[in-house]
Amino acid sequence: MRALLLIDIQNDFLPGGSLAVPGGEEILPLVNTLQPQYELVVATQDWHPAQHQSFASQHQGSQPFEQIDLHGLPQTLWPDHCVQATPGAEFSADLDQHRIEAIFRKGTTPEIDSYSGFFDNGHRKSTGLADYLRGRGVREVHLCGLAADFCVNFSALDALKEGFDVVFLEDATRAISAEGYAQARQELQRRGAQFAGR
């Protein structure tokens, strides 16, 4: 069975949000059109506590997009975003949600960031997504959402590591950085991901 993974289609990653992905809103009509083509639709949701240590605001004198070491892992410092139970963390009102069967929240532990929908960045804790998909008989995952070079990319990499066939739906993603996405795409391709669209 194939599953469609909707990665972080949340207000803070859309225009007007605190970490808006350029052109992020453009994917919404396509994402809504894609959903009925799949037996299973699952979403991930960035869900940070207010004091998350990936936020630049938690490090005195630091600015967003600086690079630091956070408990032994490289960390980009971000503007505060997708804080639990705030409007920025909500899914876009323009996203058709009635076919979403399960939502997997990530980034809930203050000490470690979590780009992937499967694991935190240190692979210390699983979200349970892989087991859920296997339990439903899923062999192939198709990914879309935001942002192509971060959360969609890392979710795709972990899906490959977990043994799923991966298709990256390029028309239904947008990147923070074109250069960053080009590098990510090369690595995904090398590891066996397929690409559709564009």
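All of these numbers come straight from a predicted model, not from anything done at the bench.

A. Structural context of the packing of aromatic side chains. Taken as a whole, this structure holds nine aromatic pairs when the rule is applied. With 5.1 Å between their ring centres and 85 degrees between their planes, tryptophan 78 and phenylalanine 150 make a pair best called edge-to-face. Highlighted residues: tryptophan 78 in the loop between strand E4 (73–76) and strand E5 (100–106) and phenylalanine 150 in the loop between strand E6 (140–146) and helix H3 (151–161), separated in sequence by 72 residues. Judged by its relative accessible area of 5%, tryptophan 78 falls in the buried class. With 5.4 Å between their ring centres and 75 degrees between their planes, tyrosine 115 and phenylalanine 150 make a pair best called edge-to-face. With a gap of 35 residues between them, tyrosine 115 in the loop between E5 and helix H2 (129–135) and phenylalanine 150 in the loop between E6 and H3 connect regions that are remote in the sequence. Ring pairs connect the aromatic residues Phe65, Trp78, Tyr115, Phe150 and Phe154, which therefore count as one cluster. A cation over an aromatic ring shows up here: arginine 2 above the ring of tyrosine 38, its NZ or CZ 4.4 Å from the ring centre. For arginine 185, the ring lying beneath its charged end belongs to phenylalanine 195, and the centroid distance is 4.0 Å.

Scoring rules and cut-offs
- Residues numbered from 1 in each chain as written.
- Predicted model: local features only at pLDDT ≥ 70, side-chain atom pairs only at ≥ 80, totals over all residues.
- Heavy atoms only, no water.
- Phe/Tyr/Trp six-rings, centres within 6.5 Å; stacked < 30°, edge-to-face > 60°.
- Helix = DSSP H or I, 4+ residues; strand = E, 2+ residues; numbered from the N terminus.
- Buried < 20%, exposed > 50% of the residue type's maximum accessible area, 1.4 Å probe, protein only.
- Lys NZ or Arg CZ within 6 Å of the ring centre and 35° of its normal.

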